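Overview (structure and organization)
The chain contents come next:
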Amino acid sequence: MLNSKIRFLLYLLIIFIGNPLMGQNTKKPFKVVIDAGHGAHDPGCVGSQLNEKDVNLSMALKVGKLISDNCPDVQVIYTRKTDVFVELYRRAQIANDAHADLFISIHCNAVESPQANGVETFVMGLAKSEANQAVARKENAAILKEKNYQNNYDGFEPNSPESNVIFSLYSSAYLNNSIILASKVQKNLLATSHFTDRGVKQAGYWVLYKVAMPSILIELGFLSNPDDQAFLAQQSNQNREAAAIYNAFVDYIATANGSSYKHLPIGPASPEANNSISEKPTTEGKPAETSKPAVTSGPETKKEDPAKETASSIAAISTEVVPEADVRFKVQFLTSPTKLSANDTRLQGLPSVSCYQENGVWKYTAGNETNYQSAINIQNTVKEKYGDAFMIAFQGDKKISVKEARELLKK
């Protein structure tokens, strides 16, 4: 009898030892929620070619699949996988009910001005600029498409400045990790495209406000900008951006809990991959000819305060011939379907105005700087008149990314 009991206990012991999952807690899977913004009767931003809701869904599914395929211990949860409408409060509720570890919301941007472009990543917080508040208001406005939205959001009105006081109550418990993830996303997205870097920012998003975990909202680009939209319309570019977000996730999770997953190789974007630099300037792409030379600016030339320069000299379109190997920074502030007169009032009061033609559109720039910091100073000046102005760069007649230009100057 004793021997049979001993044999039975030994049998149980062998089973217990042979199965490591018995008698111990299994490791909790890391859970990430991928949120495709908008959906169904809420199209989000509407471009001439694309609806935001479609780009958001496509990108969310691509990012989620890359994580599922390459990170077997990670559970991917979607707020929507089809073209359906999901209320903002439900998106946060899905993440909280799943006790998720991370929340990534994917969006696109749009503004009235077609000049605005680039990628930016938001974390929850009080917006420090009107521009950031405007982006948040636009995304929060999805609330207005819900039935009885007042009951779901405790009277919150997305277009009311007073209602945004509620965001001052936000707990910053997850802010540090949110910023870490946002920075990694921003860095990886910029490495795979020639988009303008609009930075990591804080703003009051209801969907981020209500999730109890590190969370970010990505604005992939501007559908109101022809170049950004054309880039995002190509599936190959979406695949690149999805891989960039995946790599940022891999970097983050390694920091968060030490998990190690493989990176996906992504080469730098080629000129053909982005319409914003795909057209090598022809004679039309070179500075336009006029009877007056521009007032040059830069460390090599002593110049007066731009505000004190005469309108006629500032508005003159540059005829300077730039050596092929020379790198220059300029600030783009205006586009026009037709070429403007050098005396057009929109060109007045800006330093070293020049223009080039790209994709059939005339684009106007200020400054012609060999020094990056000088270009920053010009950009700050131009933004006082054109808030959406942004920096671009040329190597000779070839338009290149600002990042590439700065790397060339280091050599």
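Reference entry: report on the structure contained in this document. All figures in this text were calculated on a predicted structure; none of them were measured in a lab.

Attention shifts here to the overall build of the chain. Along the chain, the regular secondary structure elements total twelve helices and eleven strands. Relative to its full complement of 411 residues, the chain shows a buried share of 51%. Long-range pairs, those at least 24 residues apart, make up 76% of the contacts in the chain between residues at least 6 apart in sequence. When the accessible surface of the chain is summed, it comes to about 19,500 Å², and 54% of that surface belongs to carbon and sulfur atoms.

Let us look at the nonpolar core. Ranked by internal contacts, the top residues of the largest apolar core, which has 48 residues, are Val32, Ile34, Ile67, Val74, Ile104, Leu220 and Phe249. Tallying contributions element by element places helix α9 (residues 235–257) first for this core, with ten residues. Once residues lying within four places of it in the same chain are set aside, the contact partners of Ile34 are Ala60, Val63, Gly64, Ile67, Val76, Ile77, Tyr78, Thr79, Ile104 and Ile106. Among the nonpolar cores identified, the runner-up in size contains 20 residues, and Ile77, Ala95, Met124 and Leu208 belong to it.

Between two aromatic rings, the relevant description is the distance of the centres plus the angle of the planes. Summed over the entire model, instances satisfying the criterion amount to five aromatic pairs. An angle of 40° between the planes, with centres 5.0 Å apart, marks the rings of Phe333 and Tyr386 as tilted. Here Phe333, found in strand β7 (residues 327–336), pairs with Tyr386, found in the loop between α11 (372–383) and β10 (390–395); they are 53 residues apart in sequence, far enough to count as distant. Accessibility classification places Phe333 together with Tyr386 in one group, the buried group. Their ring planes at 80° and their centres at 5.3 Å tell us that Tyr356 and Phe394 sit as a pair that is edge-to-face. Of the two residues, Tyr356 sits in strand β8 (residues 354–358) while Phe394 sits in strand β10, which places them 38 residues apart along the sequence. Given a relative accessible area of 3%, Tyr356 falls into the buried group.

With that settled, consider the side chain of Ser259. Within the fold, Ser259 resides in the loop between α9 and α10 (311–315). Polar contacts involving the side chain of Ser259 include one to the side chain of Asn257, which spans 2.9 Å.

Right, let's get into the sheet that holds strand β3 (residues 102–109). The mixed open sheet is built from six strands, whose spatial order is β2-β1-β3-β6-β4-β5. At either margin of the open sheet sits one strand with a lone partner, and together these are β2 (74–78) and β5 (197–203). Put simply, the sheet's adjacent strands are angled 20° from each other on average, direction ignored. Here five bridges tie strand β4 (residues 119–124) to β5, and the two strands are oriented parallel to one another. Its bridge partner lying in β5, Met124 is registered against Ala203. Most of the contacts of helix α2 (residues 52–70) go to β3, to which it runs at about 145°, and overall it touches β1 (30–36), β2, β3 and β6 (215–222). Here helix α3 (residues 88–97) sits on the sheet and contacts β1, β2 and β3; the angle it forms with β1, its principal contact strand, is near 170°.

The subject of this paragraph is the sheet that holds β8. With antiparallel pairing, five strands are arranged side by side in an open sheet as β8-β9-β7-β10-β11. Across the chains shown, the open sheet's two edge strands, defined by having one partner strand only, are β8 and β11 (398–400). Looking at each pair of strands side by side, their axes are set apart by 45° on average, direction ignored. Sheet topology note: the β7/β10 ladder contains six bridges and is antiparallel. Bridging from a neighbouring strand, Gln332 pairs with Phe390 of β10. Where α11 meets the sheet, it contacts β7, β9 (361–369) and β10, and its direction lies at approximately 20° from that of β7.

With that out of the way, let us pick up the packing of helix α6 (residues 175–191) against α9. Axis separation between α6 and α9 bottoms out at 8 Å; the angle between their running directions is 145°. α9 is crossed by α6, and the crossing has right-handed handedness. Here Asn177, Ile180, Leu181, Lys184, Val185, Asn188 and Leu189 of α6 lie close against α9, whose contacting residues are Glu241, Ala244, Ile245, Asn247, Ala248, Asp251, Tyr252 and Thr255. Here the residues of the contact of α6 with α9 sort into eight nonpolar, four polar and three charged.

Analysis parameters
- Residues numbered from 1 in each chain as written.
- Predicted model: local features only at pLDDT ≥ 70, side-chain atom pairs only at ≥ 80, totals over all residues.
- Heavy atoms only, no water.
- Helix = DSSP H or I, 4+ residues; strand = E, 2+ residues; numbered from the N terminus.
- Buried < 20%, exposed > 50% of the residue type's maximum accessible area, 1.4 Å probe, protein only.
- Contact = heavy atoms within 4.5 Å.
- Areas by Shrake-Rupley, 256 points an atom, 1.4 Å probe, with all protein chains shown as cover.
- Core = buried A, V, L, I, M, F, W, Y, C linked by side-chain atoms within 4.5 Å.
- Phe/Tyr/Trp six-rings, centres within 6.5 Å; stacked < 30°, edge-to-face > 60°.
- Polar contact = N/O pair within 3.5 Å; in protein donor to acceptor, adjacent residues only side chain to side chain.
- Pairing = 2+ DSSP bridges.
- Axes fitted to C-alpha atoms, helices over the stretch in contact; angles between N-to-C directions.
- Left-handed = near helix turned anticlockwise from the far one by under 90°.
- Nonpolar A, V, L, I, M, F, W, Y, C, P; charged D, E, K, R; others polar.

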